Amino acid sequence: MSKGRGGGAAPDTRRFLNEAWGIDPEAVSVMEEAESSLAEDFAQIDRRAAYNQLRLLHVFQKNGVTDFHLNGSTGYGYGDAGREVLESVFADYFRGEAALVRSQIMSGTHALAIGLYGLLQPGDELVSAAGRPYDTLQKVIGLGGEAGSLLKSGVSYQEIPLKEDMGVDLPRLLESINEKTKVVLIQRSKGYQWRPSIDMPEMKGILGAVKKKKSSVVCLVDNCYCEMTEEEEPGAYGADLVIGSLIKNPGGTLAPSGGYIVGDSSCVEACSRRLSAPGLGSGLGASMGFNRPAFQGLFQSPQTVSQSMKGAVLAAAFFSALGYPVMPEGRLAGRADIVQAIELGDESKLVRFCQAIQRACPLDAAFLPEPASLPGYSHPVIMAGGGFIQGSSSELSADGPLKPPYIAYLQGGFSLAQIRLGLLLAAKALVSGPN
Ligand SMILES: *Cc1c(COP(=O)(O)O)cnc(C)c1O
């Protein structure tokens, strides 16, 4: 065992992994080999995180955040100074004029539904730019004839299928825009699809072209899983509304619930009437204990996102070395979300993969996740994750719909050491057969 200059022995991680979790040292070598090819990508992730951290720190200082703002209000929540400053911090960081950042927003889907219902009136048309939207949004739109959906309320809908290379079909998108088009929905992350995420250069091109075709169209970006993965956010290039969940990236694993809506002030105001009620708008909503973890989680999210990004890039390189197709490939270039898709090709492998990720978690590690039907999803879904916030996917987690070709979607993780363990346990579970 080597002795460091400081006198302490180098920790024998390999041996500990073997003793504590039965990890074969040979598998550790395969993963280390994959990781050693990623040094430049990891350095780039660190540089991005450092830049985003400083930009965020500057936004905190510019908005004069104080200890007092960490306190919350009760009851109606009138004049909640912490809530107001939190919202202006989000607005500044995400390059909008105004923001709603509320614990009363239940999930990313709820935040997106507030955006869509806030903006679309009967007779208006919604266009989805990046193919079929995320599963739960299909029900909000009403693709299965759902009661209370946008389609049922007289909104019309067009969907622009992705091109063969899974990019956005810009000419077809522009062609679809007509006098009724009110909102163009741009989903950046892959959802449960085998496609790359939409990075900032592509986003900039889409936003510029749509605005040039019809400047009054509202470009609504589903930013779930994409926050802080690059040096810029879609608001910088003309997105009118940018929406996401606080139990994903911008909650920094600390926000206990909630979502955000950032953008043009008239659009955010329209959303606030949907969130509360006409006449009430954004002026009330008790923050209770929410302000402190929301501020702190946002502040630490560049760091947690950088760990998750390294984990995703490493997962791609490692599972690709083990012979599985991965999306995206094992490098950073073009990657704009923290989600790594791994095609396992077999139902029992998907279940075992997710069960192995569960064993790498700090809580509920002995639970055995099983596929289940969940509200908003059409196929049974298996979801693994034992984090501190229920269902939080900024913490290490894996999930996937039970349908061919049985793709595992892996994301999150507050520390790369934990993500490495998850990957090793998952690789072991794939070869060891049913439990
Ligand atoms: C997670 C996600 C959502 C919203 O999901 P919730 O589980 O409702 O928070 C929407 N769109 C995309 C692309 C997502 O990844």
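Attention here is on the structure that accompanies the text. Bear in mind the structure is a predicted one, so any value in this text is a computation, not a measurement. (Residues numbered from 1 in each chain as written. Predicted model: local features only at pLDDT ≥ 70, side-chain atom pairs only at ≥ 80, totals over all residues. Heavy atoms only, no water.)

1. Describing the site of the ligand
Then, in step 1: Taken together, S107, G108, T109, L112, Y134, Q187, D222, C224, Y225 and K248 make up the full set of residues near the ligand.
Then, in step 2: Between an oxygen atom of the ligand and a side-chain N or O atom of T109, the distance comes to 2.5 Å.
Then, in step 3: Residue D222 places a side-chain N or O atom 2.6 Å away from a nitrogen atom belonging to the ligand.
Then, in step 4: Here the ligand has 370 Å² of accessible area as a free molecule, and 90% of this is covered by the chains.
Then, in step 5: Among the elements that make up the shell around the ligand, the one with the highest residue count is helix α5 (residues 108–119) (three residues). (Near = heavy atom within 4 Å. Polar contact = N/O pair within 3.5 Å; in protein donor to acceptor, adjacent residues only side chain to side chain. Areas by Shrake-Rupley, 256 points an atom, 1.4 Å probe, with all protein chains shown as cover. Helix = DSSP H or I, 4+ residues; strand = E, 2+ residues; numbered from the N terminus.)

2. Concerning the pattern of salt bridges
Then, in step 1: Here the structure, examined in full by the defined rule, presents 17 salt bridges.
Then, in step 2: Here R47 makes a salt bridge to E40, at a shortest N to O gap of 2.9 Å.
Then, in step 3: A salt bridge links D337 to K190, with the shortest nitrogen-to-oxygen separation between them at 3.0 Å. Residue D337 is found in the loop between β8 (326–327) and β9 (340–343), and its partner K190 is found in the loop between β4 (181–187) and α8 (200–213); the two are separated by 147 residues along the sequence. Exposure class is identical for D337 and K190. Each is buried. (Salt bridge = Lys/Arg side-chain N within 4 Å of Asp/Glu carboxyl O. Buried < 20%, exposed > 50% of the residue type's maximum accessible area, 1.4 Å probe, protein only.)

3. Remarks on the packing of aromatic side chains
Here the distance between the centres and the angle between the planes together describe a pair of aromatic rings.
Then, in step 1: Enumeration according to the criterion identifies 15 aromatic pairs in this entry.
Then, in step 2: Considering the side-chain rings of F319 and F353, the 5.5 Å spacing of their centres and the 55° angle between planes classify their relative orientation as tilted. Taken as a pair, F319 in helix α10 (residues 291–321) and F353 in helix α11 (residues 347–358) lie far apart in primary sequence, 34 residues in all. The exposure classification of F319 matches that of F353, with both residues buried.
Then, in step 3: Here the aromatic cluster, defined as three or more aromatic residues joined through ring pairs, consists of F90, Y93, F94 and Y260. (Phe/Tyr/Trp six-rings, centres within 6.5 Å; stacked < 30°, edge-to-face > 60°.)

4. Focus on the sheet that holds strand β3 (residues 156–159)
Then, in step 1: Strand order in the open sheet made by the seven strands is β1-β7-β6-β5-β4-β2-β3, with mixed pairing throughout. The open sheet is flanked by β1 (98–102) and β3, the only strands paired with a single partner. For this sheet, the mean inter-axis angle between neighbouring strands, taken without regard to orientation, is 15°.
Then, in step 2: Where strand β2 (residues 125–128) and β3 come together, four bridges link them in parallel fashion. Of the residues in β3, the one forming a bridge with V127 is Q158.
Then, in step 3: Where helix α4 (residues 81–93) meets the sheet, it contacts β1 and β7 (259–263), and its direction lies at approximately 125° from that of β1.
Then, in step 4: Across the face of the sheet, helix α9 (residues 265–275) comes into contact with β1, β5 (218–222), β6 (241–245) and β7 while running at roughly 30° to β1. (Pairing = 2+ DSSP bridges. Axes fitted to C-alpha atoms, helices over the stretch in contact; angles between N-to-C directions. Contact = heavy atoms within 4.5 Å.)

5. Thoughts on the state of the cysteines
Then, in step 1: Per the stated rule, a full pass over the model turns up zero disulfides.
Then, in step 2: Free of any disulfide, C271 has its nearest neighbouring cysteine sulfur in C267, separated by 7.0 Å.
Then, in step 3: Looking at C271, the relative accessible area reads 0%, which means it is buried.
Then, in step 4: Free of any disulfide, C354 has its nearest neighbouring cysteine sulfur in C361, separated by 11 Å. (Disulfide = S-S within 2.5 Å.)

6. Overview of the packing of α5 against α9
Then, in step 1: Here α5 crosses α9 at 105°, and the two axes come no closer than 8 Å. Comparing the axis directions of α5 and α9 gives the class roughly perpendicular. Contacts between α5 and α9 involve I114, G115, Y117, G118 and L119 from the first element and C267, A270, C271, R274 and L275 from the second.
Then, in step 2: Broken down by class, the residue content of the contact of α5 with α9 amounts to seven nonpolar, two polar and one charged. (Parallel < 35°, antiparallel > 145°, perpendicular 65-115°, else oblique. Nonpolar A, V, L, I, M, F, W, Y, C, P; charged D, E, K, R; others polar.)

7. Things to note about the side chain of H69
Then, in step 1: Its place among the elements puts H69 in the loop between α3 (39–62) and α4.
Then, in step 2: Excluding residues within four positions of it along the chain, H69 makes contact with G64, A81, G82, V85, N291 and F295.

8. Points about the environment of Q411
Then, in step 1: Note that Q411 resides in strand β12 (residues 407–411).
Then, in step 2: Classification of Q411 by relative accessible area gives buried; the value is 2%.
Then, in step 3: For Q411 and A312, which are 99 residues apart along the polypeptide, the C-alpha to C-alpha distance reads 6.7 Å.
Then, in step 4: Once residues within four sequence positions are removed from consideration, Q411 is found in contact with Y225, I338, V339, S393, E395, L396, S397, A398 and D399.
Then, in step 5: Polar contacts involving the side chain of Q411 include one to the side chain of D399, which spans 3.1 Å.

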